[in-house]
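What the coordinates show
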Amino acid sequence: MKRRNLLAAAALTAVTLSATTLFAQEIADEQVLRIGVGVDDIRTIDPHFSVGTGEWPIFASVYEAMVRFPRGSMDAANLEPALATGWSRDENGLVWTFTLREGVQWHHGYGALTADDVVFTLDRVRDAENPSPHAGLLSAVTGVEAVDDLTVQITTDMPVPNMPALLVNNNIGYIMSRAALEDGVDPQTHPIGTGPFMYEEYRPRESFELVANPDYWGGAPTIENYIIQFMPDAATRELALMAGEIHGIDIPARQDAIDRMRGVGMEIDLTAPANMFALYLNMSLEPTNDARVREALYAGIDRAALAAYFGVDVAYVENSALPRGYVGQTDDVRIIAHDPERARELLAEAGYADGLNMSIAISNSNIYLPPMQVIQEMWRGIGVNLEMNVVDHPTFHRIIRENANPVVIYGAFRYPLDGTVYLTQFYHSASAIGQPGQVINFSHFGHYGASVDDLIEEARFEMDQARQIELWEEAQRIIADEVAVVPLYTRSYALARSAQLDIGFETLSRSAYEITEQARLLR
């Protein structure tokens, strides 16, 4: 062999050995991952009923769907096979067929995944006596059938071209084990899934621990124990991250918090789509049953200043009931300018010339309490004295579903990113608090004032997108005219992690880190 070839071979061998050694040194000896989430506790980790912050990172690592987003994203244009290896629809577009992955095992000895589990899951979501808050996504479904152990057919009464996108790893798409639930396992606290991590222990108001699934069809995880710690205080989470006690956290999406974490060497991930925050004005309670009071409260908020409070890189003002970036969104609606003088005039007309006293419950979560404190001060300037009873996050979610607050601040994004789910959950009369299928219609829209039910229903099944958009736009104008909501801002999610945590892919979406079999801890 020529000297040049010998040298090249030696160099290649050295590089290979060096890379192998480096890789071996990269992996930490202890693979116990700790993630801090900004809640006191969970309400439920049943994915079909969960609407709370801090629950998704638990059930997303345990359950799987037939179809999934590319890891780290919510890119519906590039869906990937998960529990299903393929899918197709018939020529009429009324029957979708999904072929399941063979050999997938349920956790803790509950056997193999079959088509019967899929039928059980989708029937459970659509159960008329106890429907999922997300069941509206499947309103066109008339039947789900197991053709054989690995084949499922879903029949609809009209074409649903985006059916796979509705069955992704996002709430109703997560498949549950018929055997586990019929065995009495409580999915609110004890998940049985097929994913890379399995249930180990739930410690109320402390943590939720998962362990690696060695038989995961996608390959055994490197992480051996995955502990989600409930840490409602943002400062406590930051200190724990800097001390090396945990590896990743959600942080307030404010410029100062982002700069502070970057300044101590943490990796920052800003993600979207993100929550639009709004104030929902309860038209069933005094004093917000008076349109003049609702308009005054709107005019009393400087929404641009509120968005600037979080930082220009992470927040922007919203103007309509549907967030910017959603198909069908329009700013061609009634927008009430910040006008404290006009707000005081309206309150006087409504009989509150000497001031208005209101009391609400508010979460201690950093996503709700700080902005509400800013609004409290703004309203003080127009003669509104807002008393805030600060409660833990699960209690807040309970109280606002008991129709106790005249005003509810709430942040949300809903998939798919159009008017279908968002407008249904917040403004359809069937979604109003107190209704059998209540979701998050905190304004009681449709029971008081005007209604947009017909527009929402027509748009849901409209195949002409131009007409569908017209319907959603008209609904937004009606909602704005009633002043049922004060759109505030959309605020990106902000996450921070130590350099020791390698997620395995870029984090582009979600409000928490997506932990899969690809995650690992480095030295």
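We now turn to the structure provided with this report. (Residues numbered from 1 in each chain as written. Predicted model: local features only at pLDDT ≥ 70, side-chain atom pairs only at ≥ 80, totals over all residues. Heavy atoms only, no water.)

Some details on the overall build of the protein
A count of helices and strands for the protein gives 15 helices and 19 strands. Taken against the 2.2 N^0.38 rule, which gives 24 Å for 523 residues, the C-alpha radius of gyration of the protein at 25 Å falls within 12% of a compact globule. Structurally, the protein occupies a C-alpha span of about 95 × 55 × 50 Å along its principal axes. Counting over 523 residues, the protein shows a buried share of 57%. Considering only intrachain contacts with a sequence separation of at least 6, the fraction spanning at least 24 residues in the protein is 69%. Accessible area of the protein: about 20,700 Å², with a carbon and sulfur share of 48%. (Helix = DSSP H or I, 4+ residues; strand = E, 2+ residues; numbered from the N terminus. Rg over C-alpha atoms; globule rule 2.2 N^0.38 Å. Buried < 20%, exposed > 50% of the residue type's maximum accessible area, 1.4 Å probe, protein only. Contact = heavy atoms within 4.5 Å. Areas by Shrake-Rupley, 256 points an atom, 1.4 Å probe, with all protein chains shown as cover.)

Considerations on the pairing of strand β15 (residues 384-391)
Pairing of strand β14 (residues 356-363) with β15, which is carried by eight bridges, proceeds in the parallel orientation. If you follow isoleucine 362 over to β15, its bridge partner there is valine 390. Taken together, β14, helix α11 (residues 369-380) and β15 constitute a β-α-β crossover, and its handedness is right-handed. (Pairing = 2+ DSSP bridges. Right-handed = clockwise from strand over helix to strand, strands pointing away.)

Concerning the sheet that holds strand β6 (residues 141-148)
Overall, antiparallel pairing links the four strands, which are arranged β4-β5-β7-β6 in an open sheet. Each edge of the sheet is formed by a strand with only one pairing partner; in this case those strands are β4 (84-89) and β6. Recorded for the sheet is a direction-independent mean angle of 20 degrees between the axes of neighbouring strands. Here five bridges tie β4 to strand β5 (residues 95-100), and the two strands are oriented antiparallel to one another. When the sheet's bridge partners are listed, serine 88 is paired in β5 with threonine 97. On the sheet, helix α3 (residues 115-125) packs against β5, β6 and β7 (151-156) and is oriented at approximately 165 degrees with respect to β6. (Axes fitted to C-alpha atoms, helices over the stretch in contact; angles between N-to-C directions.)

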